[in-house]
Amino acid sequence: DKICLAINDDSILISTFDHGDLHERIIQVTEEISERPDSAFLFFKRGKLYFEHKKFEATIADLDTAATLDYHGTICDLIYAKSYQQLNQPANALKHVAQILQKDPFNINALKIKGTLLLNQKKYELAANQFELVIEHARKRLPDNYLIAAKAWENSSLENSTIKAIGILKKGIEDLGPLFIFYKEMISLYKKISLFEEAVKIQEKIIAQAKRKEKPY
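Residues numbered from 1 in each chain as written. Predicted model: local features only at pLDDT ≥ 70, side-chain atom pairs only at ≥ 80, totals over all residues. Heavy atoms only, no water.

**Q** Can you break down the confidence of the model for the protein chain residue by residue, with the values?
**A** It should be kept in mind that the predicted coordinates are not to be read in detail where pLDDT is low. Here the protein chain shows a mean pLDDT of 91. Residues at 70 or above account for 91%. For the stretch residues 1-14, pLDDT sits under 50, and the model shows 46 contacts to residues farther than four places along the chain or on other chains. (pLDDT = per-residue confidence, 0-100. Contact = heavy atoms within 4.5 Å.)

**Q** Tell me about the pattern of salt bridges, and name the residues and values.
**A** Summed over all chains, the structure comprises seven salt bridges. Two residues, R141 and D175, come together in a salt bridge whose shortest N-O distance is 3.9 Å. Here R141 is found in the loop between α7 (124-137) and α8 (143-155), whereas its partner D175 is found in helix α9 (residues 161-176), with 34 residues between them in sequence. The class for R141 is partly exposed, based on a relative accessible area of 45%. (Salt bridge = Lys/Arg side-chain N within 4 Å of Asp/Glu carboxyl O. Helix = DSSP H or I, 4+ residues; strand = E, 2+ residues; numbered from the N terminus. Buried < 20%, exposed > 50% of the residue type's maximum accessible area, 1.4 Å probe, protein only.)

**Q** Tell me about helix α11 (residues 196-209), and name the residues and values.
**A** Its 14 residues place the ends of α11 20 Å apart at the C-alpha level, agreeing with the 20 Å of an ideal helix rising 1.5 Å per residue. Check the buried side of α11 and you find it contacts α10 (180-192). (Expected span 1.5 Å × (residues − 1).)

**Q** Please set out empty space enclosed by the protein residue by residue, giving values where relevant.
**A** By the definition in use, this model includes one cavity of 30 Å³ or more. When its volume is computed, the largest cavity comes out at roughly 30 Å³. Considering the residues around the largest cavity, the lining is formed by V134, I135, A138, K140, R141, L142, N145 and Y146. When residues of the lining of the largest cavity are traced back to their parent elements, those giving at least two are α7 and α8. Split by residue class, the lining of the largest cavity holds five nonpolar, one polar and two charged. (1 Å grid on protein atoms, 1.4 Å probe; cavity = no way out; pocket = protein on both sides within 12 Å on 5 of 7 lines; lining within 4 Å. Points joined across faces, edges and corners; volume = space filled by probe spheres on them. Nonpolar A, V, L, I, M, F, W, Y, C, P; charged D, E, K, R; others polar.)

Next up, the structure:
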């Protein structure tokens, strides 16, 4: 089978099919279901095809049927959560995320989904904590995780939240090197709390790295 379902730090579903191919595969699996209507795996298989085809309500319907036929698991919950997220049903998405994290507290996909949902709900401190867990436990370090965690802390109403945001960016530099995007965000944060000397120090680092000095000067 050409379809591969993967759990990694970046995505849930990876498919070699374009949308036309997916449509054909959905038809094929539907025919298989008509011959074996008691096959939980076939409903799951069609559900993940619907997910890749961005037909999220159909995805959930097939996963529900698979569940009634006793097909469960982390991958099902991830697809449920992403589908409900796309349908703007955060409570249902979080329910499935919770089921994953109960069994696997550091599942990176689940932590990222939860963090994103909390961020959308403006629960900034909780979102920041989720993305800090992602940073700590992800096998692959991605700049976006540091930037999102920093942005969540920046938007928090907690005292010293901007300093926490700067700390996340400093960790990003320690882990990934002196990326310009980290320096740029740090300058913005230092300016926000009127630490202009610190902002100048960061700008000097940008100047030192630049091949052409005019613009950073």
